[in-house]
There are 2 protein chains.
Amino acid sequence: MPLKNTGTEQLIKDTAKRLIFAEGKLHATTQEIADAAGVNRTSLHYYFRSRDLLIAAVFQEAMQGLSERLNQCMVSAKPFKQKVEFLIEVFLKDMMAFPYQETFMVTEINTVGKQLVGNIDSEPVKSFLNEVQQEMDSGNLKAMPPSQFLMNLFSLLSYPLIMAPLYKQLFQLADGAFNELITARKAMIMELIFNGK
Amino acid sequence: MPLKNTGTEQLIKDTAKRLIFAEGKLHATTQEIADAAGVNRTSLHYYFRSRDLLIAAVFQEAMQGLSERLNQCMVSAKPFKQKVEFLIEVFLKDMMAFPYQETFMVTEINTVGKQLVGNIDSEPVKSFLNEVQQEMDSGNLKAMPPSQFLMNLFSLLSYPLIMAPLYKQLFQLADGAFNELITARKAMIMELIFNGK
DNA sequence: TTTTTGTTTAACAAAAATGTTAAAATAAAA
DNA sequence: TTTTATTTTAACATTTTTGTTAAACAAAAA
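Please read all numbers here as calculations on a predicted model, not as lab measurements.

Here is what the cut-offs are and how they apply
- Residues numbered from 1 in each chain as written.
- Chains lettered and ligands numbered in written order.
- Predicted model: local features only at pLDDT ≥ 70, side-chain atom pairs only at ≥ 80, totals over all residues.
- Heavy atoms only, no water.
- Helix = DSSP H or I, 4+ residues; strand = E, 2+ residues; numbered from the N terminus.
- Buried < 20%, exposed > 50% of the residue type's maximum accessible area, 1.4 Å probe, protein only.
- Contact = heavy atoms within 4.5 Å.
- Areas by Shrake-Rupley, 256 points an atom, 1.4 Å probe, with all protein chains shown as cover.
- Buried area = accessible area lost by both parts, 1.4 Å probe.
- Salt bridge = Lys/Arg side-chain N within 4 Å of Asp/Glu carboxyl O.
- Polar contact = N/O pair within 3.5 Å; in protein donor to acceptor, adjacent residues only side chain to side chain.
- Nonpolar A, V, L, I, M, F, W, Y, C, P; charged D, E, K, R; others polar.
- Least-squares fit on C-alpha atoms with pLDDT ≥ 70 in both.
- Phe/Tyr/Trp six-rings, centres within 6.5 Å; stacked < 30°, edge-to-face > 60°.
- Lys NZ or Arg CZ within 6 Å of the ring centre and 35° of its normal.
- Axes fitted to C-alpha atoms, helices over the stretch in contact; angles between N-to-C directions.
- Parallel < 35°, antiparallel > 145°, perpendicular 65-115°, else oblique.

Student: What should I look at first to understand the overall build of chain A in this one?
Tutor: A count of helical and extended segments in chain A gives 11 helices and 0 strands. Sequence-ordered secondary structure for chain A, helices as α and strands as β, is α-α-α-α-α-α-α-α-α-α-α. Each of the three principal axes of chain A carries a C-alpha extent, and together these read 60 × 40 × 30 Å. The buried share among the 197 residues of chain A stands at 53%. Within chain A, contacts between residues separated by at least 24 positions form 66% of all contacts whose residues are at least 6 apart in sequence. Roughly 8,900 Å² of accessible area belongs to chain A as shown, and the carbon and sulfur atoms make up 51% of that amount.

Following this line, the structure appears as structure tokens:
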């Protein structure tokens, strides 16, 4: 629709992402988004027609981003261990920037409906799970259902960042100290899931 | 306030908990809560005065519940390994019933403010972390900052349940098959965090 | 039974959030 | 420089959600 395109459309979308994914304001209002973007609320309707459509756009881009990250990490030609290392790097970085992305997707699915998920491509994941199985067969990984391995990996990666506000309180840590904990996790997760092998 | 007490107050609170914590409707409206509870929306105001106060009551009970579970699991007289086993059981059960409890608390903190957390007692956690340190010193656990050990434990426990809607899709699993995966995790988590020791 | 107390409800009111319209502002094209 | 197309905005309208009031109802006490 826009031809002149001064970047406002992208600005609104990015601001919505920041509020929702980074700051965890899962039900930011159109006014809050417009204010944070420094535009009039009507602009938001001009570009997206309704709040729902803006949210849908944001959701869909998050889903696509996730899909691309999975693809990038899971179907590369790297040897398995390097592949996992790369995956941890990519997802840890993403989670540090947008810790509430996954939370948003899940709660959105819970309120709007499962049909939202439809477009995710599960092929890369399937091929990765196969590779995990092979590694287990060769004795390079402790045997377990490959889906468990994958859930373990993502649990260790994502959960501490999602729950950061709670853990900062529980451990009495300021932002800086907590971030150090998080960045130290890459090596630790590798150790843990490869069981010292 | 209520003297006759027909159980409506508790019913409303429990229904709110079900919608928010179990079904993941993190911003259920008063109408949705009243409908689900089968009462008139005005009753909700009669007992709680406002939506905010109902939500505050729900939040506070969740916080207290968490506090109690932590206490129950972390300061018992059990030997360390049994203690962890017990903790996994308790929290896995709770997460299966109310997967979005923690998510709710975090997003609430992100929108309302950190002062909400205030009342959590971090003493049981501190004493547990000390015990973890001792186990590491004795060589029963791989050495790492104890807070990392604790985050690992809770990550492995909680994350798959929080993200269930996504993983069911990704693995193409129905509810039954997914639940089997989850219940199989207790033993697996023990193995993983004790590193076969 | 009638009085009192507590509970539930319908009807109404207010506030908050979303959506629409038309006009003003801006910038490129003719 | 006028014209045209696009973008931005203010003002208004609608819908949704929350909150209030007063009356109906129910049950125990007087």
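Now, onward.
Student: Honestly, helix α9 (residues 164–171) of chain A in this entry has me stumped. Any pointers?
Tutor: With respect to burial, α9 of chain A is a largely interior element, 6 of its 8 residues being buried. Buried within α9 of chain A are the following residues: A164, P165, L166, Y167, L170 and F171 of chain A. Of the surrounding elements, those touching the buried residues of α9 of chain A are α8 (146–162) and α10 (175–183) of chain A together with α4 (51–74), α6 (101–112), α7 (123–137) and α8 (146–162) of chain B. Downstream of α9 of chain A by a residue or two, Q172 of chain A has a phi angle that is positive, lying close to 55°.

Student: Explain the interface of chain A and chain B here, please?
Tutor: Across the contact, 52 residues belong to chain A and 52 residues belong to chain B. Counting each side, the surface lost to burial between chain A and chain B is near 4,900 Å², with a carbon and sulfur contribution of 72%. Here chain A is connected to chain B by 2 salt bridges. One salt bridge in this structure joins K142 of chain A and E191 of chain B, with 3.7 Å as the shortest N-O distance. The interface formed by chain A and chain B includes 11 residue pairs in polar contact (both at pLDDT 80 or more). Of all the elements in the fold, those that place two or more residues in the side of chain A that touches chain B are α6 (101–112), α7 (123–137), α8, α9, α10 and α11 (185–194) of chain A. The leading source of residues in the side of chain A that touches chain B is α8 of chain A, at 12 residues. The residue makeup of the side of chain A that touches chain B, split by class, is 29 nonpolar, 16 polar and 7 charged.

Student: How should the relation of the copies chain A and chain B be read in this particular structure?
Tutor: Two copies of one chain are present, and they are related through a rotation about an axis combined with an axial shift. Rotating chain A by 180° and moving it 0.0 Å along the rotation axis overlays it on chain B with an RMSD of 0.0 Å. With respect to symmetry, the two chain copies, as superposed, fit the operation of a two-fold axis. When C-alpha distances to the rotation axis are compared across chain A, the minimum falls at S155 of chain A, with a value of 2.5 Å. Both copies present the same face, since 100% of the interface residues in chain A are matched by interface residues at the equivalent positions in chain B.

Student: Help me understand the packing of aromatic side chains in this model?
Tutor: Aromatic ring pairs are defined here through the distance separating the ring centres and the angle between the ring planes. Applying the stated rule across the entire model yields 20 aromatic pairs over all chains. The interplanar angle of 80° and the centroid separation of 4.9 Å between the aromatic rings of Y46 of chain A and Y47 of chain A together place this pair among those described as edge-to-face. Overall, the relative accessible area of 51% leaves Y46 of chain A in the exposed class. Taking the centre distance of 4.9 Å and the plane angle of 85° together, the rings of F91 of chain B and F154 of chain B count as edge-to-face. Of this pair, F91 of chain B sits in helix α5 (residues 80–97) while F154 of chain B sits in helix α8, placing them 63 residues apart in sequence. Each of the two residues, F91 of chain B as well as F154 of chain B, counts as buried. Taken together, the ring pairs connect F21, F59, F98 and F104 of chain A into an aromatic cluster. The ring centre of F86 of chain B lies 4.1 Å from the NZ or CZ of K78 of chain B, which sits over that ring.

Student: What's the story with the packing of α8 of chain B against helix α9 (residues 164–171) of chain B in this structure? I'm lost.
Tutor: Two measures define how a pair of helices packs: the angle their axes make with one another and the distance between the axes. All names here are of chain B. At a closest axis distance of 5 Å, the pairing of α8 and α9 adopts a crossing angle of 75°. Taken together, the axis directions place α8 and α9 in an arrangement best described as roughly perpendicular. In this structure, α8 contributes Y159, P160, L161 and I162 to the contact, and α9 contributes A164, P165 and Y167. Classifying every residue of the contact of α8 with α9 by side-chain character gives 7 nonpolar, no polar and no charged.

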